[in-house]
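Structural description and commentary
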Amino acid sequence: SNEPPMVPYWIPFLGSAIRVGTDPIRFYQECQEKYGKFFTITLVGRKMVTCLGAEGNNFVFNARLADASAEEAYKGLTVPVFGTGVVYDVQNSVLMEQKRFVKAGLSQENLRAYVPMIIKETLEYFERWNEPKGTDDIHEAMAELVILTASRCLLGDDVRSQMDESFAKVYSDLDGGFAPINFIFEDLPLPANRRRDQAHVKMRNFFLSIMQQRRKNKRTDTHDIMQYLLDNCEYKNGRRLSDQEAAHILIALLLAGQHTSSTTSAWALIYLAQNPEIFDALREEQIRVLGSLDAEVTFDSLKQMPILDNVVRETLRLRPPIMTMIRKVLRDLPIPGTEYVIPQGAYIQAVPMISQRDDGYFKNADKFSPFRWEDYDKQQKERDDDVVDYGWGAIHTSSAKSPYLPFGAGRHRCIGESFAYVQIKTILATFVRMFDLRLHNNKFPEVDFTTLIVTPVKPLVDYTRRDQ
Ligand code: HEM
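Residues numbered from 1 in each chain as written. Predicted model: local features only at pLDDT ≥ 70, side-chain atom pairs only at ≥ 80, totals over all residues. Heavy atoms only, no water.

Observations regarding the environment of Leu111
Definition in use: Each helix corresponds to a stretch of at least 4 residues labelled H or I by DSSP, and each strand to a stretch of at least 2 residues labelled E; elements are numbered beginning at the N terminus. Relative accessibility under 20% of the residue-type maximum defines a buried residue, over 50% an exposed one, and the middle range a partly exposed one, all with a 1.4 Å probe and only protein chains included. We call two residues in contact when some of their heavy atoms are within 4.5 Å.
Assignment of secondary structure puts Leu111 in helix H6 (residues 108-125). On the accessibility criterion, Leu111 (3% relative accessible area) is buried. A C-alpha to C-alpha distance of 7.2 Å links Leu111 and Val422, two positions 311 residues apart in sequence. With residues up to four places along the chain from it excluded, the contact list for Leu111 reads Leu106, Phe299, Ser418, Phe419 and Val422.

Pasting the structure below:
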């Protein structure tokens, strides 16, 4: 047959899972050298055709609906966590409408209102680092902070004010459903899955009760997505979005945004701790835009801070939280420009992390260098007309042919990018005013690739308060 070449493996069933879990960057780079951009690996009993480079990205992200399905790849993992009637539990056309609701809810006006909320949460959170100097786990801190900022912005102040330790427990049980094992085996009768199911019901009921309170009190003064979903959403066929669907969408958003944004914030601060001169550059940039470090950071001033923007872009280049994006192949699928045909039932995956680290696309690709984006933007503008200005500063490509796709492309592209950028940049802008950082014992953290979202392993940082 004409299937893309199979990478040999020694452990039946598991296949290349251990290499992928321990050192995927090296593994995929080596495979690319040997087999080219398209090759097949076995991953826990699955045939996974890996599609690399800009052409691989384009092949996966622009695959037609009849050819390749995200639902079929993701639903076993996501439906028990998010709930029914949303995202991968519905036809793609319904998901597209639901994504449009959320995108409209993340309007400029709402994003503008989020910035002071995120600043306030960040200042309050870091009151706990109250010694002149100390050492802490920056990933843990960012995970705790982002759940607070994201909840306040997306869910609202009434939800935020009712979030206590029992909420944290429900959240963490629900999150426990996002385990790689659930990606492979559907709904095993594990204790973690029972806790996940109970947590789903509790979280949904909590959101439903808040929605009912809001209807009773006729609240309309908020900028959160919950309110938007309550007020404004009607499918094209005239049916209104139900409260239960709204609650399930909110759960999906909270989980989609949590680890992605918290690991990105953590990695950004880890890179900054390794490159302390960029702390200074960020503070100088704020002084240039705002006049002083005492003036308030706003949504509009963030747009004038390209160094800050590029720190986030560069972090996402080297440490994209979502390492692979997967589809199930629904019918035999030829790969254009090759003689390969992918058999029905196999999976295809894009791994933009590899093109994002390719010297052919990015000079000195392994080096953290936010300033590279200044040139990249200029060149990109000249060679590609498919560039989009999302209105918050730098220009980001959305073309599926781009080597840089931390948010994916095509119909499943992320809708949380603008919110994620506002959230992460506001946290970083506030953080650099308060602290200087160094890596603890000068140790750059290891990476855990076995979690679904790529995480730093116990990243300890030494902080110094700047106001002491
Ligand atoms: C989709 C990354 C933050 C909501 C995606 C995809 C990627 C991604 C790679 C495409 C998945 C695929 O094609 O299989 C990220 C990163 C984030 C981030 C790197 C932060 C740094 C957020 C936030 C939200 C969100 C904050 C919600 C407010 C979504 C949704 C989808 C999506 C709804 C669509 C799924 C689909 O259509 O299949 N994201 N995301 N994301 N993301 Fe994000």
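Quick word on the site of the ligand
Stated precisely, the cut-off is as follows: Nearness of a residue to a molecule or strand requires only that one of the residue's heavy atoms be within 4 Å of it. Any pair of nitrogen or oxygen atoms within 3.5 Å is treated as a polar contact; in protein, a donor-acceptor pairing is required on top of that, and neighbouring residues in sequence qualify only through side-chain atoms on both sides.
In the vicinity of the ligand lie 25 residues, with Tyr74, Tyr88, Lys99, His412 and Cys414 positioned nearest. At 2.8 Å from an oxygen atom of the ligand is found a side-chain nitrogen or oxygen belonging to Arg327. A distance of 2.5 Å is found between an oxygen atom of the ligand and a side-chain nitrogen or oxygen belonging to His412. Only helix H5 (92-105), helix H13 (243-274), strand E5 (325-329) and helix H19 (417-434) provide two or more residues apiece to the shell around the ligand. In terms of residue count, H13 provides more of the shell around the ligand than any other element does, 6 residues in total.

Considering the sheet that holds strand E4 (residues 133-137)
Formally: A pair of strands counts as paired when DSSP detects no fewer than two bridges linking them. Axes here refer to lines fitted to C-alpha atoms; in helices the fit is confined to the stretch in contact. Angles between the N-to-C directions go from 0 to 180 degrees.
Taken together, the 3 strands give an open sheet; going across it, the order is E4-E14-E11, and neighbouring strands pair in antiparallel fashion. Each of the sheet's edge strands pairs with one partner strand only, and the pair in question is E4 and strand E11 (435-439). Direction aside, the axes of adjacent strands within the sheet are offset by 30 degrees on average. In this structure, E4 lies alongside strand E14 (residues 460-465), joined through 5 bridges in antiparallel fashion. Bridge assignment links Lys133 to a residue of E14, and that residue is Thr464.

A word on the packing of H13 against helix H16 (residues 306-318)
Keep this limit in mind: Working rule for angles: under 35 degrees goes down as roughly parallel, over 145 as roughly antiparallel, 65 to 115 as roughly perpendicular, anything else as oblique. Under this grouping Gly is polar, as are all residues other than the nonpolar Ala, Val, Leu, Ile, Met, Phe, Trp, Tyr, Cys and Pro and the charged Asp, Glu, Lys and Arg.
Relative to each other, H13 and H16 sit at 105 degrees, their axes nearing to 9 Å. With respect to each other, H13 and H16 are oriented roughly perpendicular. Facing Thr264, Trp267, Ala268, Tyr271 and Leu272 of H13, the residues of H16 in contact are Val311, Val312, Thr315, Leu316 and Leu318. Of the residues in the contact of H13 with H16, the class split is 8 nonpolar, 2 polar and no charged.

A look at the coordination of the iron atom of the ligand
Rule in force here: The rule for donors is simple: N, O or S, within 2.8 Å of the metal, or within 3.2 Å if the metal is Na, K or Ca. Water isn't counted, so a site may look like it is missing partners.
Counting protein donors to the iron atom of the ligand gives just one, Cys414 (SG), placed at 2.3 Å. With respect to the helices and strands, the residue Cys414 is situated in the loop between strand E10 (396-397) and H19.

What about the packing of aromatic side chains?
Put simply, the test is: Centre distance within 6.5 Å is the pairing criterion for rings of Phe, Tyr and Trp, where only the six-membered ring of Trp is used; planes under 30 degrees apart are then read as stacked, over 60 as edge-to-face, and the remainder as tilted. Note on criteria: charge over ring means Lys NZ or Arg CZ within 6 Å of the ring centre, with the direction from the centre no more than 35 degrees off the ring normal.
This structure, assessed with the given rule, holds 25 aromatic pairs. Centre to centre, the rings of Trp129 and Tyr463 are 4.3 Å apart; their planes meet at 10 degrees, and the pair counts as stacked. With Trp129 in the loop between H6 and E4 and Tyr463 in strand E14, the pair connects residues that are 334 residues apart, well separated along the chain. Accessibility assignment for this pair places Trp129 and Tyr463 in one class, buried. A ring pair is formed by Phe431 and Phe435, whose centres lie 5.1 Å apart and whose planes are at 40 degrees; its orientation type is tilted. Of the aromatic side chains, those joined through ring pairs into one cluster are Tyr125, Phe126, Trp129, Phe431, Phe435 and Tyr463. When the ring centre of Phe362 is taken as origin, the NZ or CZ atom of Arg317, which lies over that ring, is 5.1 Å away. Here Arg319 stacks its cationic end above the ring of Trp267, 4.9 Å away from the centre of that ring.

Description of the pattern of salt bridges
What counts here: What counts as a salt bridge is simple: a side-chain nitrogen of Lys or Arg found within 4 Å of a carboxyl oxygen of Asp or Glu.
Per the stated rule, a full pass over the model turns up 27 salt bridges. Between Arg196 and Asp197 there is a salt bridge, with the nearest N and O atoms lying 3.0 Å from each other. A relative accessible area of 0% means that Arg196 is categorised as buried. Taking the relative accessible area as the measure of exposure, Asp197 reaches 35% and is therefore partly exposed. Several salt bridges converge on common partners, so that one network encompasses Asp280, Arg283, Asp436 and Arg466.

Section: the confidence of the model for the chain
Worth spelling out the cut-off: pLDDT measures how confident the predictor is about each residue, on a scale from 0 to 100.
Of the residues in the chain, 96% reach a pLDDT of 70 or more, and the chain-wide mean stands at 91. pLDDT under 50 marks residues 387-395. Its contacts with residues more than four places away, or in other chains, come to 29 contacts. Confidence metrics for the complex model read pTM 0.95 and ipTM 0.99.

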